[in-house]
Amino acid sequence: MKLPRARHRWNLSPRRAVALQRELAEGIREAPLPIAPRLIAGGDCAFVDDGRTIIAAWVVWDLRDACVVEEAHVLRPVRFPYVPGLLSFRETPALLAAARRLRVEPDVFMVDGHGRAHPRRFGIACHVGLLLDRPTIGCAKSRLCGRFEQPEDRTGSITTLSDRDDVIGLTLRTRHAVKPVFISIGHQITLSDACDVVMKSCLGFRLPEPTRLADQLVNRIKKTHGP
DNA sequence: GCGACAG
DNA sequence: ATCTTGTCGC
């Protein structure tokens, strides 16, 4: 994949990182997907060496043929601690490096974490999407901020995730009676399109297939590079 | 001051 | 994220 040149450095103080998020958040665009998406890239990370090395991977899933089209991964040293709200400074560098290794051009990227459903409206899905300059979705397993009502038990049920006066995302029941996932836009997509893509990517499991497979992949690689 | 807090 | 076994259910 041909990607834009890096716009900023990553080894910032938490304070600078927060300021950068506020600046970059202005560049996020919400827009309908140009075409019906077919290739969905799911990304995820895992850690080895007592947390000093991060493994990032993308698994590209073909929605039409229901099969994996390509996989790419990378190992890199960890340079930022986990701080709620600053997750992207820890995982994005590795995810971008791994994306650079993809040969196919995914229609949409799906990140394991929030996008706009973030205190400063700039979660990891926004950061990844902005730097990739590609449609990106944030699909998280738990809430970071905002309030919501539990969606009905039925598969496909949704409720809004709100913070102050903004609808920042949705909760989506991807499987009957199983905890919902939290969806928000990362970049260049609408919340509605994001929700459709996530639901269409689910094959009977709580997490969408691209993300689920990426999770399996990084954990498989992790065992290879033993603790 | 007291909780909450993606992965 | 990671540390960790068995167990209940489709």
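Described in the following lines is the structure provided in the data block. All of these numbers come straight from a predicted model, not from anything done at the bench.

### A look at the protein's contact with DNA strand B
- Lining the immediate environment of DNA strand B, one finds 16 residues, of which Tyr82, Gly85, Lys141, Ser142 and Arg143 sit closest.
- When atoms of DNA strand B within 4 Å of the protein are split into backbone and base, the sugar-phosphate part holds 55%.
- Take histidine 114: an N or O atom from its main chain is 3.2 Å from a base nitrogen of DNA strand B.
- Across the surface near DNA strand B, the residue classes tally to seven nonpolar, five polar and four charged.

### Concerning helix H1 (residues 14–24)
- Residues of H1 that are buried: Ala17, Val18, Leu20, Gln21 and Leu24. Along H1, the residues classed as buried sweep out an arc of 160 degrees about the axis, all on the same side. Residues of H1 that are exposed and point over 90 degrees away from its buried face: Arg15, Arg16, Arg22 and Glu23.
- On its buried face, H1 sits against helix H2 (87–99) and helix H3 (124–132).

### So, the environment of histidine 73
- Note that histidine 73 resides in strand S3 (residues 67–77).
- Note on histidine 73: relative accessible area 32%, which makes it partly exposed.
- Those residues within four positions of histidine 73 in sequence are excluded, and the remaining contacts are Ala56, Ala57, Ala98, Arg101 and Ile221.

### Section: the protein's contact with DNA strand C
- Around DNA strand C sit Ala46, Phe47, Lys141 and Lys222, and those are all the residues in its vicinity.
- The separation between a phosphate oxygen of DNA strand C and a polar main-chain atom of phenylalanine 47 is 3.4 Å.
- Between DNA strand C and the protein, one listed contact pairs a phosphate oxygen with a side-chain N or O atom of lysine 141 at 3.3 Å.

### Examining the packing of aromatic side chains
- All chains considered together, the criterion is met by four aromatic pairs.
- Ring plane angle 35 degrees and centroid distance 5.6 Å describe the contact between phenylalanine 80 and phenylalanine 89, whose orientation is recorded as tilted. Each member of the pair phenylalanine 80 and phenylalanine 89 is classed as buried.
- Ring geometry for phenylalanine 148 and phenylalanine 182: centres 5.2 Å apart, planes at 85 degrees, overall edge-to-face. Linking phenylalanine 148 in the loop between strand S5 (136–140) and strand S6 (158–163) with phenylalanine 182 in strand S8 (residues 181–187), this pair joins segments that are 34 residues apart in sequence.
- Grouping aromatic residues by their ring pairs yields a cluster made of Trp10, Phe80 and Phe89.
- Sitting over the face of the ring of phenylalanine 205, arginine 212 holds its NZ or CZ atom 3.6 Å from the ring centroid.

### Brief notes about the environment of arginine 52
- Its location among the elements puts arginine 52 in the loop between strand S1 (39–48) and strand S2 (53–62).
- By relative accessible area, which is 59% here, arginine 52 ends up exposed.
- Along the sequence, arginine 52 and proline 81 sit 29 residues apart, while their C-alpha atoms lie 9.9 Å from each other.
- Beyond its immediate sequence surroundings of up to four residues, arginine 52 is in contact with Arg76, Pro77 and Val78.

What counts, and at which threshold
- Residues numbered from 1 in each chain as written.
- Chains lettered and ligands numbered in written order.
- Predicted model: local features only at pLDDT ≥ 70, side-chain atom pairs only at ≥ 80, totals over all residues.
- Heavy atoms only, no water.
- Near = heavy atom within 4 Å.
- Polar contact = N/O pair within 3.5 Å; in protein donor to acceptor, adjacent residues only side chain to side chain.
- Nonpolar A, V, L, I, M, F, W, Y, C, P; charged D, E, K, R; others polar.
- Buried < 20%, exposed > 50% of the residue type's maximum accessible area, 1.4 Å probe, protein only.
- Helix = DSSP H or I, 4+ residues; strand = E, 2+ residues; numbered from the N terminus.
- Arc of directions from axis to C-beta.
- Contact = heavy atoms within 4.5 Å.
- Phe/Tyr/Trp six-rings, centres within 6.5 Å; stacked < 30°, edge-to-face > 60°.
- Lys NZ or Arg CZ within 6 Å of the ring centre and 35° of its normal.

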